[in-house]
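What follows is the residue order along each chain.
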Amino acid sequence: MASITDKTEDKKAAPVLPVWLRGVRWYHAVVAVLLVIYPLIATGFWTVQIGAQSLILGLIGLSLMLLAGYGGMVSLSQLTVAGLAGYLVAIFGNAEWPAWLMLVGAVSLATVAAVLIGWISARTSGIYTIMITLAISVAFYYLVLQNDPIFNSFNGFSGVRPPEVFGVDWRAPLPFFYLTLGVVGLCYLFVLYLSRTPFGLALQAVRDNPRRMASLGFNVTAHRVAAHGVAGVLAGIGGVLLVWQNGQISPGSVGIGPVIDILILTVLGGLAHPVGPFIGAVIFILMENFAIDLIDRERFNTVIGAVFLVIVLFSPDGVLGLWGKLKSWLARQSARNRVDQW
Amino acid sequence: MRLFILTFLNGLTLAALYFIVASGFSLVFGLMRNVNLAHGSLYLLGGYIGFEVANSTGSWYLAVLAGFLSMAIAGILLQLLVFRYMEGQELRQTLVTIALSIILADVMLAIWSGVSYQFTPPAWLFGATPMPFINAYPTYRLFTLAAAIAIGIALWLFLNRTRIGIMIRAGVDDRGMLSASGVNVQLLFCVTFAIGAGLAGLAGVLGGSALSIAPGEDTRFLLASLIVVIVGGMGSIPGAAIGALLIGMTEQFGLAYFPTYGVVFSFLVMVVVLAIRPQGLLGRA
């Protein structure tokens, strides 16, 4: 007994970090610093078209990662939720709502939509989730395409810009990048935190074995729907940022192409960790912008499709999975070397 | 009244096309649990290949045959090269077939560009058939309806009255047991996939004659197949028929009477069905 007490006393003696700081490593700080000084050394194009765009698409991918990685539900409707928020910002902006009401309204309505989608799709599981959410996103595309009174059919809305708050022009590259970085960073930390909360742990348990969780008294459907709701908030915020960055939104922004793009970049980066979608987004955006130097711009889809195919066939965990494989291979090699030296 | 009957007939035609495409999708999923999200691409590719054949031979019948056969071969290739290696891994199958459909769509766009093509069906199918109330209705659309009914009956007979059909149904229920009783399941899978994919290609030519073939039709028919089988129930041919009727009618009546909200109705039908019967109308839990 005495030894056990001793051990706890030892732990107490060590410097106590708050829970949210325990996972932090030195390279996290390096990445954070690099991201902050990035726009100071990069040109406007690299700041907004590459940097901010990657962060925003990564955020929408993050909402998919939350559902797929932690919840086991691959949803193809995350861009649709984001697109709905984007459309609502444009519509409320045209109606000249005050900025805060516009934002709260857009994100919360998008979240309501996400909860509804979750409620519909959580009744089924596995492949049905993918099919139902795909059907929902294509239906939304046709709705905005055909609907004139609310969604302005195929013209959509243009000239959407962030409101001027605190006298800062948020449309300028630097402020917009920092706005995006701040918001996306908070969302990222929130997902990291969420994955360790009782809810996050229960969600991952539901992913691994829904029947056992149900018999333990957890409400499986409620956890799934709640995950859709949380992911909806993230996607909604991403949608608002996206429409501000592009300055416009039209049915093409929520078509089947961009919907699949979100899936591609999330899987490309890796579904196992929240950082995956951001890595995937950077790769995707770089390819989108620079693949045209190597091949015909028209054939970009063939290239991205082929890259996606290769990743899915050979590394189901995406680039992160490749990294993991490389690390364990290196570890094996060095272990073998050590054995040899013996 | 006239509008009503016309809409009803249009709904039937559309339902006929949806049924042919979706029954192939449902068959493949029902037996093999293979999720083929490239099914819409098979539809479009079958249509294009059929068009090339019709263009060079001048025969519409050969085009139909080419659409079916070429996609049946494509289906066998898909099964042998892709699905055989990822049995039971639904997510991977989904992702791989999405990747394939992206590549296929882009390659088809490169070859056949963005123009829309239309077939010229044989003379006896061309023109209009006199009808009460609405004077006349395009003969070809009535033919599509008849073709869908014929295909439906043929599929039903094939699944219920032939030896292979009995094996396929046994495979739907218990694949392991079927394999243990000496049936070559891999061969059976190839046959089923060939039929399912071939039906998509056949529908490509039939649909290309009733409507037209153009980029984007792949997504449209993939979506239609998804909703139809979700509503009707996976792996059930009668379910696909009921789902197709429901969705075809909803879409056409929606378009005719509430143009701006038409698509919402098909979606609502899906939601209501899912809320009441998550496994689909005729699906087994």
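Residues numbered from 1 in each chain as written. Chains lettered and ligands numbered in written order. Predicted model: local features only at pLDDT ≥ 70, side-chain atom pairs only at ≥ 80, totals over all residues. Heavy atoms only, no water.

Some words on the overall build of chain B
From N to C terminus, chain B includes eleven helices and two strands. Seen in sequence order, chain B has helices and strands lined up from the N terminus as α-α-α-α-β-β-α-α-α-α-α-α-α. In summary, chain B has a C-alpha radius of gyration of 19 Å against a globular reference of 19 Å for 285 residues, a match within 12%. Considered along the principal axes of its C-alpha atoms, chain B spans approximately 60 × 50 × 35 Å. Every one of the 285 residues in chain B was classed for burial, and the buried ones make up 57%. Put simply, of all contacts in chain B between residues at least 6 apart along the chain, 76% involve residues at least 24 apart. Here chain B has roughly 11,400 Å² of accessible surface; of this, 71% comes from carbon and sulfur atoms. In chain B, the 12 positive side-chain charges and the 9 negative ones have mean positions that sit 10 Å from each other. (Helix = DSSP H or I, 4+ residues; strand = E, 2+ residues; numbered from the N terminus. Rg over C-alpha atoms; globule rule 2.2 N^0.38 Å. Buried < 20%, exposed > 50% of the residue type's maximum accessible area, 1.4 Å probe, protein only. Contact = heavy atoms within 4.5 Å. Areas by Shrake-Rupley, 256 points an atom, 1.4 Å probe, with all protein chains shown as cover. Lys, Arg positive; Asp, Glu negative; His and termini not counted. Charge placed at Lys NZ, Arg CZ, Asp CG, Glu CD.)

What about helix α12 (residues 276–294) of chain A?
Residues and elements named next belong to chain A. Spanning 19 residues, α12 covers 26 Å between terminal C-alpha atoms, matching the ideal 27 Å at 1.5 Å per step. Taking the largest bend as the criterion, α12 deviates by roughly 40°, centred on Glu288. Every buried residue of α12 is accounted for by Gly276, Pro277, Phe278, Gly280, Ala281, Phe284, Ile285, Met287 and Ala291. (Expected span 1.5 Å × (residues − 1). Bend = angle between axes of the 7 residues up to and from the residue.)

What to know about the pattern of salt bridges
Tallying each qualifying case throughout the model produces two salt bridges over all chains. The residue A:Asp208 makes a salt bridge to A:Arg207 at a minimum N-O spacing of 3.0 Å. Taking relative accessible area as the criterion, A:Arg207 reaches 32% and is therefore assigned partly exposed. For the salt bridge of B:Arg220 with B:Glu217, the shortest nitrogen-to-oxygen distance reads 3.7 Å. (Salt bridge = Lys/Arg side-chain N within 4 Å of Asp/Glu carboxyl O.)

A short note on the packing of helix α6 (residues 127–146) of chain A against helix α9 (residues 217–232) of chain B
As a packed pair, α6(A) and α9(B) sit with axes 10 Å apart at the nearest point and diverge in direction by 130°. Between α6(A) and α9(B), the angle falls in the class oblique. Once α6(A) is placed against α9(B), the crossing between them reads as left-handed. For the pair formed by α6(A) and α9(B), the contact residues are A:Met131, A:Ile132, A:Leu134, A:Ala135, A:Val138 and A:Tyr142 on the first element and B:Arg220, B:Leu222, B:Leu223, B:Leu226, B:Ile227 and B:Ile230 on the second. (Axes fitted to C-alpha atoms, helices over the stretch in contact; angles between N-to-C directions. Parallel < 35°, antiparallel > 145°, perpendicular 65-115°, else oblique. Left-handed = near helix turned anticlockwise from the far one by under 90°.)

Things to note about the nonpolar core
Counting residues in each nonpolar core, the largest one holds 181 residues, and the members touching the most others are A:Trp244, B:Ile20 and B:Met270. Every residue in contact with B:Ile20, bar those within four places of it in the chain, is listed here: B:Ala148, B:Ile151, B:Leu199, B:Leu202, B:Ala203 and B:Leu206. B:Ile5, B:Leu9, B:Leu12 and B:Tyr137 belong to the second largest nonpolar core, which has seven residues in total. (Core = buried A, V, L, I, M, F, W, Y, C linked by side-chain atoms within 4.5 Å.)

Describing the packing of helix α13 (residues 300–314) of chain A against helix α4 (residues 90–112) of chain B
As a packed pair, α13(A) and α4(B) sit with axes 8 Å apart at the nearest point and diverge in direction by 160°. With respect to each other, α13(A) and α4(B) are oriented roughly antiparallel. Both α13(A) and α4(B) take part in a crossing whose hand is left-handed. The segment α13(A) lies against α4(B), with A:Phe300, A:Asn301, A:Thr302, A:Gly305, A:Ala306, A:Phe308, A:Leu309, A:Val312, A:Leu313 and A:Phe314 engaging B:Arg92, B:Leu95, B:Val96, B:Ile98, B:Ala99, B:Leu100, B:Ile102, B:Ile103, B:Asp106 and B:Val107.

Focus on the packing of aromatic side chains
Residues and elements named next belong to chain B. Enumeration over the complete set of coordinates arrives at 22 aromatic pairs over all chains. On the numbers, 4.5 Å between centres and 50° between planes, the contact of Phe51 with Tyr117 is tilted. Linking Phe51 in helix α2 (residues 39–57) with Tyr117 in the loop between α4 and β1 (128–131), this pair joins segments that are 66 residues apart in sequence. Assigned by exposure class, Phe51 and Tyr117 land together as buried. (Phe/Tyr/Trp six-rings, centres within 6.5 Å; stacked < 30°, edge-to-face > 60°.)

Some points on a nonpolar patch on the surface
Residues and elements named next belong to chain A. On the surface, Trp26, Tyr27, Val30, Val33, Leu34, Val36, Ile37, Leu40 and Leu174 cluster together into a nonpolar patch covering about 890 Å² of accessible area. By residue number, the principal contributor to the nonpolar patch is helix α2 (residues 26–41), which donates eight residues. Within the element layout of this structure, Val36 appears in helix α2. By relative accessible area, Val36 is classed as partly exposed at 42%. (Patch = residues over 30% accessible without salt bridge, like charges linked within 9 Å, V, L, I, M, F, W, Y side chains within 5 Å.)

Here's the deal with the interface of chain A and chain B
With 41 residues of chain A at the contact, the number on the chain B side is 39 residues. Roughly 3,400 Å² of surface becomes buried between chain A and chain B when both sides are summed, with 79% attributable to carbon and sulfur atoms. Where chain A packs against chain B, one counts zero salt bridges. On inspection of chain A and its partner chain B, the count reaches three residue pairs in polar contact (both at pLDDT 80 or more). Residue contributions to the side of chain A that touches chain B peak at 13 residues, all from α6(A). (Buried area = accessible area lost by both parts, 1.4 Å probe. Polar contact = N/O pair within 3.5 Å; in protein donor to acceptor, adjacent residues only side chain to side chain.)

Quick look at the environment of B:Leu12
All names here are of chain B. Tracing the chain through its elements places Leu12 in helix α1 (residues 2–32). On the basis of relative accessible area, Leu12 is assigned to the buried category, the value being 18%. For Leu12 and Ala38, which are 26 residues apart along the polypeptide, the C-alpha to C-alpha distance reads 25 Å. Apart from residues lying up to four places away in sequence, Leu12 is in contact with Leu145, Leu245 and Met249.

Quick look at the environment of B:Gly47
Residues and elements named next belong to chain B. Inspection of the secondary structure assignment puts Gly47 in helix α2. Accessibility expressed as a relative area gives 0% for Gly47, which makes it buried. The sequence separation of Gly47 and Leu223 amounts to 176 residues, and the corresponding C-alpha distance is 17 Å. For Gly47, the residues in contact, after removing those within four places along its chain, are Phe119, Gly201, Gly204, Val205 and Ile213.

Everything listed here is a matter of coordinates, which is why it stays silent on function.
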